[in-house]
Amino acid sequence: MSEPSRVDFIAIKKIESAVQIVSNTPAANRYGQLPKEGAVYENDGLSPLKSPLGLRSTLQELTLYDFLLESECAGNEVAKIFQANPLVPGIIITQQGKFIGMISRRRYFEHMSRPYSLELFSQQPLFILYRFTKTDMLVLDRETSIMTAVRQSLERSPELIHEPIVVQVEPETYKLLDVHQLLLSQLQIHELSTVAMRESQAQLRHQAQQLELALLELQRTQTQLIQTEKMSSLGQLVAGVAHEINNPIGFIYSNLHHAKEYTQGLMRMLDIYRQHCPEPIAAIEAEAEKIELDYLLEDLPKVFNSMQQGAERVRDIVLSLRNFCRLDEAQMKQVNIHEGINSTIMLLQSQLKGKPGQEAIEIHKEYSDLPLVHCYPGQLNQVFMNILVNAIYALVESNKHENVDKKSPNKSQSGEEKQSCTKTQSSVSKSTRLIPTIRIRTELIEKKKVIIKIYDNGPGMTEDVRKRLFDPFFTTKPVGQGTGLGLSISYEIVVNQHGGELKCFSEPGKGAEFAIEIPLQQSSVTHILPRFA
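Residues numbered from 1 in each chain as written. Predicted model: local features only at pLDDT ≥ 70, side-chain atom pairs only at ≥ 80, totals over all residues. Heavy atoms only, no water.

Q: How should the overall build of the protein be read in this particular structure?
A: Secondary structure assignment for the protein yields 16 helices and 13 strands. Residues counted as buried form 38% of the 533 residues belonging to the protein. Partitioning the contacts of the protein with sequence separation of at least 6, the portion at a separation of at least 24 is 72%. Counting every atom, the protein has about 30,900 Å² of accessible surface; 54% of that belongs to carbon and sulfur. (Helix = DSSP H or I, 4+ residues; strand = E, 2+ residues; numbered from the N terminus. Buried < 20%, exposed > 50% of the residue type's maximum accessible area, 1.4 Å probe, protein only. Contact = heavy atoms within 4.5 Å. Areas by Shrake-Rupley, 256 points an atom, 1.4 Å probe, with all protein chains shown as cover.)

Take a look at the structure:
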């Protein structure tokens, strides 16, 4: 059972001293209870009206569910409980009264919706279904603080992020906590911290500074939650689409080879027929002219070649999608960094191509001979995607401004002066204008670190913008086009998840360069509690 870190403890103590919260009313014991109908909600519309949570509130102050089923019960008993209790996040499974695991509502219905699963498992003992659905569980003590529980919940892999948390309330007693309720309680604590900061600013500047640090930590946790949920949903969707496309394109690609062989055989047979029957029948001659047989024989191989190239292109795109998502590689692994970069570039091809009014963006790769890197491949691909998307946006916007400037000549000049000036500006722009380019370079430093440098020759940025680049929710894009989370999450992934460095070098008019530095081997790996036997 993990304990709160010293940083969490110090942050909580400082906020409590600033707010001076005193709560002597014991929290009601809500184990196994469901919210009553018509419960009154607070103004935020999220949480039922209850005793205010404090910064040191623990999991026992939240609603816990203790719906138990013996492993010998029939599998359809789970569905009955879920239908009768729509808020229950999962079922606890026991064997002779002892806890052995749990099945969440999401995982149960996801598994039972598969073909033939309902017929196979509904009348079978529950432990048979549990063997197919069990996964890693996060088990916490009831005395665990809510903030510590949120942090440990978010450290789980994306496919486990929505799974209920198992709470040990007694030595042999376990109950379930809905992750969404845990996050709502964290929001309530966040709101409490915000109010505390505003009040403390009028009293002591030092206390306000300490509170601001704690709020930034809460904001970082919320940012990680938003991006984790978004990438988890997107990854599952893309992986599903890639899988569905891969099957039919596999049929097409494998049958194209046989179709070409069959067609070539028919063409050889027709050629032999022509050699041995030089005087064709009139009806055959008429049909040959009708279908343009000579042109057909010449064009048919070209048609098959183009079909094969198209199928290979689709297959490469599907492979790039699967490599980019890396849902099967949520843990640290030895990977080829260049494969991740290439997959990301493949997915951005539509944005790199030239369009009317927009020049194509060139990609220059300067890869070094790198060894395999121990990292989270899916997370690093996300970093590459965020930086490349920002570089493309900067180049496209710069190109738009150049086009607008060219279309706005000085109206005070005469016609001849306008014409001569336009010709001069055009010739100068053609000779000095740079082609939009993104350069990607990789290096190995001291045989223990890898650096990936991504440079674009866009407009660059000011020093004030560069200093705030990795702040959460900071963006220079118009409203609706940017959230300000991409580079903040990238910094979190590189620095906190991989123990590396993420830096930006830029000046106005000189483009921008991002340097990603990560070690070849990680010193420590985040673990999730092992699954129960």
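Q: How should I be thinking about the sheet that holds strand 6 (residues 173-177) in this particular structure?
A: Read across the sheet, three strands follow the order 4-5-6 without closing on themselves; strand pairing throughout is mixed. Pairing within the sheet leaves two strands with one partner each, and these edge strands are strand 4 (139-141) and strand 6. Taken over all neighbouring pairs, the strand axes of this sheet differ in orientation by 35° on average, direction set aside. As paired elements, strand 4 and strand 5 (residues 165-170) share three bridges and run parallel to each other. Paired with Val-139 across the two strands is Val-166, which belongs to strand 5. (Pairing = 2+ DSSP bridges. Axes fitted to C-alpha atoms, helices over the stretch in contact; angles between N-to-C directions.)

Q: What is the right way to read helix 5 (residues 126-133) from this model?
A: Because an α-helix completes one turn every 3.6 residues, residues spaced three or four positions apart along the sequence face the same direction. All buried positions along helix 5 are accounted for by Leu-126, Leu-129, Tyr-130 and Thr-133. Burial along helix 5 is one-sided: seen end-on, the buried residues are contained in an arc of 105°. Those residues of helix 5 that are exposed and aimed more than 90 degrees away from the buried face are Arg-131 and Phe-132. (Arc of directions from axis to C-beta.)

Q: How should the environment of Asn-305 be read in this particular structure?
A: Following the sequence through the fold, Asn-305 ends up in helix 10 (residues 293-325). When its relative accessible area of 36% is taken as the criterion, Asn-305 is described as partly exposed. The spatial distance from the C-alpha of Asn-305 to the C-alpha of His-257 is 10.0 Å, given a sequence separation of 48 residues.

Q: Even after reading the chapter, I still don't get the pattern of salt bridges, so can you show me in this structure?
A: Two side chains with opposite charge may pair up if their charged atoms get near one another. Scanning the model with the defined rule gives 17 salt bridges in all. With its nearest N and O atoms 3.8 Å apart, the salt bridge here joins Glu-446 to Lys-448. The partly exposed category is assigned to Lys-448, whose relative accessible area is 48%. Among the ionic contacts, a cluster of salt bridges with common partners joins Arg-106, Arg-107, Glu-110 and Glu-163. (Salt bridge = Lys/Arg side-chain N within 4 Å of Asp/Glu carboxyl O.)

Q: It is not clear to me how the nonpolar core should be interpreted in this structure. Could you clarify?
A: Side chains of nonpolar character tend, in soluble globular proteins, to be buried together. Ranked by size, the top nonpolar core spans 39 residues in total, and within it Ile-337, Ile-387, Ile-438, Ile-440, Ile-452 and Ile-516 carry the most contacts. Only helix 11 (337-347), strand 9 (373-375), helix 13 (377-406), strand 10 (437-445), strand 11 (449-456), helix 16 (486-497), strand 12 (501-506) and strand 13 (512-519) provide two or more residues apiece to this core. Among the elements that line this core, the one with the most residues is helix 13, at 10 residues. In this structure Ile-440 touches Ile-341, Ile-345, Ile-363, His-364, Lys-365, Glu-366, Tyr-367, Leu-388, Ile-452, Lys-453 and Ile-454, once residues within four positions along its chain are discounted. (Core = buried A, V, L, I, M, F, W, Y, C linked by side-chain atoms within 4.5 Å.)

Q: For this particular structure, what's the right way to read the environment of Ile-189?
A: Inspection of the secondary structure puts Ile-189 in helix 7 (residues 179-201). Placed 29 residues apart in sequence, Ile-189 and Leu-218 show a C-alpha to C-alpha distance of 9.3 Å. Every residue in contact with Ile-189, bar those within four places of it in the chain, is listed here: Leu-53, Gly-54, Leu-55, Ile-146 and Met-147.

Q: Before we go on, may I ask you to explain the pairing of strand 13 in this structure?
A: Regular strands show a simple pattern: their side chains alternate between the two faces of the sheet. Most of strand 13 is tucked away: seven of the eight residues are buried. Bridging between strand 11 and strand 13 involves eight bridges; their strand directions are antiparallel. Note that in strand 13 the partner of Ile-451 across the bridge is Glu-517. Note that strand 12 and strand 13 share six bridges and pair antiparallel. Across the sheet, residue Leu-502 finds its bridge partner in strand 13, namely Ile-516. Two successive antiparallel strands, strand 12 and strand 13, enclose a turn made up of five residues, where Gly-509 displays a positive phi of approximately 85°.

Q: Looking at this model, I keep getting lost on the sheet that holds strand 3 (residues 98-104). Mind explaining?
A: Within a beta sheet, neighbouring strands are joined by backbone hydrogen bonds and run either parallel or antiparallel to one another. Pairing in this open sheet of three strands is mixed, and the strands run 1-2-3 from one edge to the other. Two strands lie at the open edges of the sheet, namely strand 1 (68-70) and strand 3, each paired on one side alone. Taken over all neighbouring pairs, the strand axes of this sheet differ in orientation by 35° on average, direction set aside. Where strand 2 (residues 90-95) and strand 3 come together, six bridges link them in antiparallel fashion. Within strand 3, the residue paired with Gly-90 across the bridge is Ser-104. On top of the sheet, helix 2 (residues 76-84) reaches strand 1, strand 2 and strand 3; it is set at about 140° to strand 2, its chief contact. Each of strand 2 and strand 3 is contacted by helix 3 (residues 105-112), which is oriented at about 65° to strand 3, the strand it contacts most.

Q: Help me understand the packing of helix 3 against helix 5, please; the structure alone is not making it clear to me.
A: To describe two helices that pack against each other, one gives the angle between their axes and the distance between the axes. It is at 11 Å that the axes of helix 3 and helix 5 come closest, and there the two elements cross at 95°. Classified by the interaxial angle, the pair formed by helix 3 and helix 5 is roughly perpendicular. Contacts from Arg-107, Tyr-108, His-111 and Met-112 in helix 3 reach Leu-129, Phe-132 and Thr-133 in helix 5. A breakdown of the residues in the contact of helix 3 with helix 5 according to their chemical character gives four nonpolar, two polar and one charged. (Parallel < 35°, antiparallel > 145°, perpendicular 65-115°, else oblique. Nonpolar A, V, L, I, M, F, W, Y, C, P; charged D, E, K, R; others polar.)

Q: Which parts of the structure should I look at to understand the confidence of the model for the protein?
A: In the predicted model, the protein carries a mean pLDDT of 75, and the fraction of residues at 70 or more is 74%. Contacts of residues 411-418 to residues separated by more than four positions or lying in other chains number four contacts, the stretch itself having pLDDT below 50. Throughout residues 525-533 the model reports pLDDT below 50, and contacts reaching past four residues in sequence, or to other chains, amount to 29 contacts. (pLDDT = per-residue confidence, 0-100.)

Q: How should the pairing of strand 6 be read in this particular structure?
A: With four of five residues buried, strand 6 lies mostly within the body of the structure. In this antiparallel pair of consecutive strands, strand 5 and strand 6, the connection spans two residues.

Q: Before we go on, may I ask you to explain the environment of Glu-312 in this structure?
A: With respect to the helices, strands and loops of the structure, Glu-312 is situated in helix 10. Accessibility expressed as a relative area gives 27% for Glu-312, which makes it partly exposed.

Q: Honestly, the side chain of Ser-145 in this entry has me stumped. Any pointers?
A: On the secondary structure map, Ser-145 appears in the loop between strand 4 and helix 6 (146-154). Residue class for Ser-145 comes out buried when judged on its relative accessible area of 9%.

Q: I'm lost on a nonpolar patch on the surface in this one. Help?
A: Taken together, the side chains of Tyr-273, Ile-281 and Ile-284 present a nonpolar region at the surface, about 270 Å² in accessible area. Here Tyr-273 is to be found in helix 8 (residues 205-276). Residue classification places Tyr-273 among the partly exposed residues on the basis of a relative accessible area of 33%. (Patch = residues over 30% accessible without salt bridge, like charges linked within 9 Å, V, L, I, M, F, W, Y side chains within 5 Å.)

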